[in-house]
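Architecture at a glance
What follows is the residue order along each chain.
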Amino acid sequence: MKNNSIVVIFTLGFALFAMFFGAGNLILPPYIGLLAKENWLEAILGFTATGIIAPFLGIIAVLKSGESFTDLGKRANLKIALILATIIMLCIGPVVAIPRTGATTFEVGVLPLLPNASAIWSSIIFFGIVLALSISPSKIVDIIGKYLTPALLILLAILVFLGILNPDSIPQQTIVSASNDFSMAFQEGYQTMDVLASVIFAGIIISAAKQKGFTNLKDRTSIVFKSGLLAMSCLLFIYGGLIYLGATTDYQFSETSSRTQLLLYISNSILGQYGTLAISVSMALACLTTAIALTCAVGTFFAQLTNDKLGYVEGVISCTLVSALISINSVDDIIDYAASILGFVYPITFALVIYVVLFGNKIKEKQPYEVALVITTIISTFRLLAHFNIATDTISELKSFIPLGNHNLEWVVPSFVGFVVTYFIIKKTSSKSVSV
């Protein structure tokens, strides 16, 4: 190996943590804790499922398939994979995730310190920095992993430790059951968009590992796997701490309150006069690292998709311009319109990841994966229609009959049945052909 593996693991692991830990990852957990109250542990488990375990499985799925999401998509159908990849890139790119980083930076990082600041100027400055640091994709992992992430982790660790040692109050009782809080947190985990990002970030980390000398498949797989474990461990500590802080705060959330106001209140309660400054710097770092990584991924993806007809630099510039324009909206507005999009695409991506992780080594035929994705897509389409109040009653009745429907996992059993039945039909057909 050409590099010290421990140093590389920490560099890649911290970089991956920072790529995942963006706007939603900081503002969602305290809100979940506030809703869950005494059921904060169940909420942590629910958020961990979609916010930590699922993204880690996404990295493993790409590792098992090759070096990029395209390699993963080939396990089912290349055309479907390219369509899905394009939707994913738009979601984690200029339509939802990147604009949210800019909007959150303004609301939490800028406005508390400069109450008269302009959202437009904040967006211009933020995305100007993103653009400048995204032009050279080869340096992106080192910039994030070695410099930006340690500062972010230190600030967040101080906030979590002090909040746990000196909570505002004891978690209150709630009339909501623990299972419902698990389901609520599970669903909120969709808003992190980390499963969608994981299948893209995996390619960036794999490429970085190769550049650092790990060209051997076994060594590269080991380094990326360990880096992923480190990143997920950091996420678990920060998520768990922030959810607990939300559960123990005495903040009175109302219809006029926002998730960003809750986060600022908690920070000020714990760190006093330095709370606003600490959370402002943390938010700026978290959003900046994620925005840089996502912009880099978007530019690379569309350059490859168009065979460089849309070059990397042109893609990065287009992405930052669109993101800057959308980021002028409020964080809550972006979260609200993103819910329907994520509720559609998240299960489809998750299904592909799960089946490749579970069966990728033994089942090489494409048809079972295709059928599972088609079934999941149909069910996700029904959910999308219900979100827009189309055939709501009919869809609700159908959902109540499907196992796990009350946990918003109605796609799991039908897609699994379709996968298994298709596999055995193919196997039986193949055996008949051989015998003849």
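This is a predicted model, so every value here is computed, not measured.

**What about unusual backbone geometry?**
Trans is the common state for peptide bonds, and a negative phi is the common state for residues other than glycine. The residue Lys37 is not glycine, and still its phi comes out positive at about 55°. Turning to its location among the elements, Lys37 is positioned in the loop between helix H2 (23-36) and helix H3 (40-65). Located in the positive-phi region is Asn307, a residue other than glycine, with phi close to 55°. Inspection of the secondary structure puts Asn307 in the loop between helix H13 (275-305) and helix H14 (312-326).

**Looking at helix H12 (residues 259-271)**
Taking 1.5 Å of rise per residue, the 13 residues of H12 would be expected to cover 18 Å, and the 18 Å separating its terminal C-alpha atoms lies within 8% of that figure. Among all positions of H12, only Arg259, Thr260, Leu262, Leu263, Leu264, Ile266, Ser267, Ile270 and Leu271 are buried. Positive backbone phi, approximately 65°, marks Gly272, located one or two places after H12.

**Structural notes on the confidence of the model for the protein**
Segments scoring low in pLDDT should not have their predicted coordinates read at a detailed level. In this model, the protein carries a mean pLDDT of 83, and residues with pLDDT of at least 70 account for 91%. Ranking the helices and strands of the protein by mean pLDDT puts H14 first, with 93, and helix H17 (residues 392-401) last, with 75.

**A few points about the layout of surface pockets**
Unfilled space is identified by rolling a water-sized probe across the atoms. Computed from the structure, the second largest pocket encloses a volume of approximately 440 Å³. Looking at the second largest pocket, it is lined by 22 residues, and the ones nearest its centre are Gln187, Arg383, Lys399, Asn408 and Glu410. Those elements giving two or more residues to the lining of the second largest pocket turn out to be helix H9 (178-188), helix H15 (331-359), helix H16 (367-387) and H17. With six residues, the single largest contributor to the lining of the second largest pocket is H16. Its residues assigned to classes, the lining of the second largest pocket comprises ten nonpolar, eight polar and four charged.

**A closer look at the pattern of salt bridges**
Applying the stated criterion across every chain, the model contains three salt bridges. With its nearest N and O atoms 3.3 Å apart, the salt bridge here joins Glu67 to Arg220. Note that Glu67 is positioned in the loop between H3 and helix H4 (69-73) and Arg220 in helix H11 (residues 217-248), a separation of 153 residues in sequence. As a salt-bridge pair, Lys74 and Asp71 come within 4.0 Å of each other at their nearest N and O atoms. Under the relative-accessibility criterion, Lys74 is labelled partly exposed at 40%. Several salt bridges converge on common partners, so that one network encompasses Glu67, Lys210 and Arg220.

**Concerning the packing of helix H5 (residues 78-95) against H15**
Axis separation between H5 and H15 bottoms out at 11 Å; the angle between their running directions is 145°. Taken as a pair, H5 and H15 cross one another with a handedness that is left-handed. Contacts from Leu84, Ile87, Ile88, Cys91 and Val95 in H5 reach Tyr337, Ile341, Val345, Ile348 and Thr349 in H15. The residue makeup of the contact of H5 with H15, split by class, is nine nonpolar, one polar and no charged.

**Things to note about the packing of H15 against H16**
Contact geometry of H15 with H16 gives a least axis separation of 9 Å together with a crossing angle of 160°. Relative to H16, H15 is oriented roughly antiparallel. At the point where H15 passes H16, the crossing takes the right-handed sense. In contact with Ala339, Ser340, Gly343, Phe344, Pro347, Ile348, Ala351, Leu352, Tyr355, Val356 and Phe359 of H15, H16 contributes Tyr369, Ala372, Leu373, Thr376, Thr377, Ser380, Thr381, Arg383, Leu384 and His387. In terms of residue class, the contact of H15 with H16 is made up of 13 nonpolar, seven polar and one charged.

**Quick word on the environment of Ala132**
Relative to the helices and strands, Ala132 is located in helix H7 (residues 119-134). For Ala132, a relative accessible area of 58% translates into the label exposed. Sequence separation between Ala132 and Ile292 is 160 residues; the distance between their C-alpha atoms is 9.2 Å.

**Regarding the side chain of Thr295**
By secondary structure assignment, the location of Thr295 is in helix H13. Judged by its relative accessible area of 0%, Thr295 falls in the buried class. A polar contact is formed between the side chain of Thr295 and the backbone oxygen of Ala291, at a distance of 2.7 Å. Excluding residues within four positions of it along the chain, Thr295 makes contact with Ile98, Val130, Ser134, Val316, Cys319 and Thr320.

**Looking at the packing of aromatic side chains**
A complete count under the given rule lists 19 aromatic pairs for this structure. When the centroid spacing of 6.2 Å and the interplanar angle of 35° are considered together, the rings of Phe182 and Phe186 count as tilted. Taken together, the residues span about one helical turn, with Phe182 and Phe186 both in helix H9 at a distance of four residues. What links up through ring pairs into an aromatic cluster is the set Tyr355, Phe359, Tyr369, Phe416 and Phe419.

**Describing the side chain of Ser122**
Locating Ser122 in the fold gives a position in helix H7. Those residues in contact with Ser122 that lie beyond four places of it in its chain are Phe106 and Val110.

**Here we look at the environment of Gly51**
Relative to the elements of secondary structure, Gly51 occurs in helix H3. By relative accessible area, Gly51 is classed as buried at 0%. Separated by 337 residues in the primary sequence, Gly51 and Phe388 place their C-alpha atoms 26 Å from one another. Those residues within four positions of Gly51 in sequence are excluded, and the remaining contacts are Thr192, Asp194, Leu235 and Tyr239.

Rules used in this analysis
Throughout this description, residue numbers start from 1 for each chain and increase along the sequence as written. Only residues with pLDDT of at least 70 get local features here, since the model is predicted, and only at 80 or more are side-chain atom pairs given and counted; chain-wide, interface and lining totals rely on the full set of residues. Hydrogen atoms and water are omitted, and side-chain values are computed over all heavy atoms in the structure. The helix count covers DSSP runs of H or I at least four residues long, the strand count covers runs of E at least two residues long, and both are numbered beginning at the N terminus. To estimate the expected span of a helix, subtract one from its residue number and multiply by 1.5 Å. Accessible area is worked out with a 1.4 Å probe on protein chains only. A residue is then buried under 20% of its type maximum, exposed over 50%, and partly exposed in between. Confidence of the predictor at the level of single residues is captured by pLDDT, which takes values from 0 to 100. Using a grid of 1 Å spacing that covers the protein atoms alone, one calls a set of points a cavity when a 1.4 Å probe fits there but cannot get out, and a pocket when the set is open and has protein on both sides within 12 Å along at least five of seven lines; lining residues are those with an atom within 4 Å of a point. Grid points are joined across faces, edges and corners, and a volume is the space filled by probe spheres set on the points. Nonpolar residues are Ala, Val, Leu, Ile, Met, Phe, Trp, Tyr, Cys and Pro. Charged residues are Asp, Glu, Lys and Arg, and all others, Gly as well, are polar. A pair is scored as a salt bridge if a Lys or Arg side-chain nitrogen falls within 4 Å of a carboxyl oxygen belonging to Asp or Glu. Helix axes are fitted to C-alpha atoms over the stretch in contact, other axes to C-alpha atoms as well, and angles between N-to-C directions run from 0 to 180 degrees. Put simply, a crossing is left-handed when the front helix is turned counterclockwise from the back one by less than a right angle, and right-handed when it is turned clockwise. Any two residues having at least one pair of non-hydrogen atoms within 4.5 Å are treated as being in contact. Should an angle fall under 35 degrees it is called roughly parallel, over 145 degrees roughly antiparallel, and 65 to 115 degrees roughly perpendicular, with every other angle called oblique. Counted as a polar contact is a pair of N or O atoms within 3.5 Å, where, for protein atoms, one must be capable of donating a hydrogen and the other of accepting one, and residues adjacent in sequence contribute only when both atoms are in side chains. Any two rings among Phe, Tyr and Trp, with Trp reduced to its six-membered ring, count as a pair given centres within 6.5 Å; such a pair is stacked if its planes are under 30 degrees apart, edge-to-face if over 60, and tilted if neither.

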